[in-house]
Amino acid sequence: MHHLMIKETSNGFELSLDEKKIHNVEEYEITKSSTKQGTAELLVKILVKYP
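Scoring rules and cut-offs
In every chain, residue numbers begin from 1 and rise along the written sequence. The model is predicted, so local features are restricted to residues of pLDDT at least 70 and side-chain atom pairs to those at 80 or more, both for listing and for counting; the totals for chains, interfaces and linings are taken over all residues. Side-chain figures throughout are based on the complete set of non-hydrogen atoms in the structure, without hydrogens or water. Here a cavity is any set of points on a 1 Å grid over the protein atoms alone where a 1.4 Å probe fits but cannot get out, and a pocket is any open set with protein on both sides within 12 Å along at least 5 of 7 lines; a residue lines the site when it has an atom within 4 Å of a point. Grid points are joined across faces, edges and corners, and a volume is the space filled by probe spheres set on the points. A run of H or I in DSSP counts as a helix once it spans at least four residues, and a run of E counts as a strand once it spans at least two, with each numbered from the N terminus. Throughout, the ten residues Ala, Val, Leu, Ile, Met, Phe, Trp, Tyr, Cys and Pro are labelled nonpolar, Asp, Glu, Lys and Arg are labelled charged, and all others, Gly among them, are labelled polar. Stacked, edge-to-face and tilted are the three classes for Phe, Tyr and Trp ring pairs, Trp counted by its six-membered ring, which pair at centre distances within 6.5 Å; planes under 30 degrees apart are stacked, over 60 edge-to-face, the rest tilted. Three labels apply to residues, based on accessible area from a 1.4 Å probe with only protein chains included: buried if under 20% of the type maximum, exposed if over 50%, partly exposed otherwise in between. Two residues qualify as a contact provided that any one of their heavy atoms is within 4.5 Å of a heavy atom in the partner residue. Pairs of strands are assigned from DSSP output, requiring at least two bridges between the strands. All axes here are fitted lines through C-alpha atoms, helices being fitted over the stretch that makes contact, and every angle between N-to-C directions spans 0 to 180 degrees.

1. Considerations on the layout of surface pockets
Here's step 1: Approximately 210 Å³ is the volume found for the largest pocket.
Here's step 2: Taken together, Met-1, His-2, Leu-4, Leu-17, Ile-30, Gly-38, Thr-39, Ala-40, Glu-41 and Leu-42 make up the full set of residues lining the largest pocket.
Here's step 3: The biggest single contributor to the lining of the largest pocket is strand S5 (residues 40–46), with three residues.
Here's step 4: By residue class, the composition of the lining of the largest pocket is six nonpolar, three polar and one charged.

Printed below as a string of structure tokens:
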């Protein structure tokens with residue numbers, strides 16, 4: 001299981017997954033997991049360079 005941390009900053013927010021920052025996050029959504037109790041599902045939209 002991964003550990004997610006969200007920190008609000010003056011520029012918006014920082015997302016870290018297992019203590020590694022996820023950069024260029026446009027938006028995210030966290031929903032309670034329907035399959036495992038005490039967990040959540042994370043959907044992330046990230047900007048990437050493509051070819």
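2. Thoughts on the packing of aromatic side chains
Here's step 1: Tallied over the entire structure, the rule returns one aromatic pair.
Here's step 2: For the ring pair Phe-13 and Tyr-28, a centre distance of 4.9 Å and an interplane angle of 70 degrees mean the geometry is edge-to-face. Taken together, the positions of Phe-13 in strand S2 (residues 12–17) and Tyr-28 in strand S4 (residues 25–32) put the pair 15 residues apart, joining distant regions of the chain.
Here's step 3: Under the relative-accessibility criterion, Tyr-28 is labelled partly exposed at 31%.

3. Some words on the environment of Ser-33
Here's step 1: Position of Ser-33 among the secondary structure elements: in the loop between S4 and S5.
Here's step 2: Under the relative-accessibility criterion, Ser-33 is labelled buried at 13%.
Here's step 3: Beyond its immediate sequence surroundings of up to four residues, Ser-33 is in contact with Thr-39, Ala-40 and Glu-41.

4. Considerations on the sheet that holds strand S3 (residues 20–22)
Here's step 1: If you walk across this open sheet you meet the three strands as S1-S2-S3, and the pairing is antiparallel. Every interior strand has two partners, whereas the edge strands, strand S1 (4–9) and S3, have only one. Strand-to-strand twist in this sheet, taken as the mean axis angle between neighbours without regard to direction, amounts to 35 degrees.
Here's step 2: Sheet topology note: the S2/S3 ladder contains three bridges and is antiparallel. Bridge pairing in S3 places Leu-15 opposite Ile-22.

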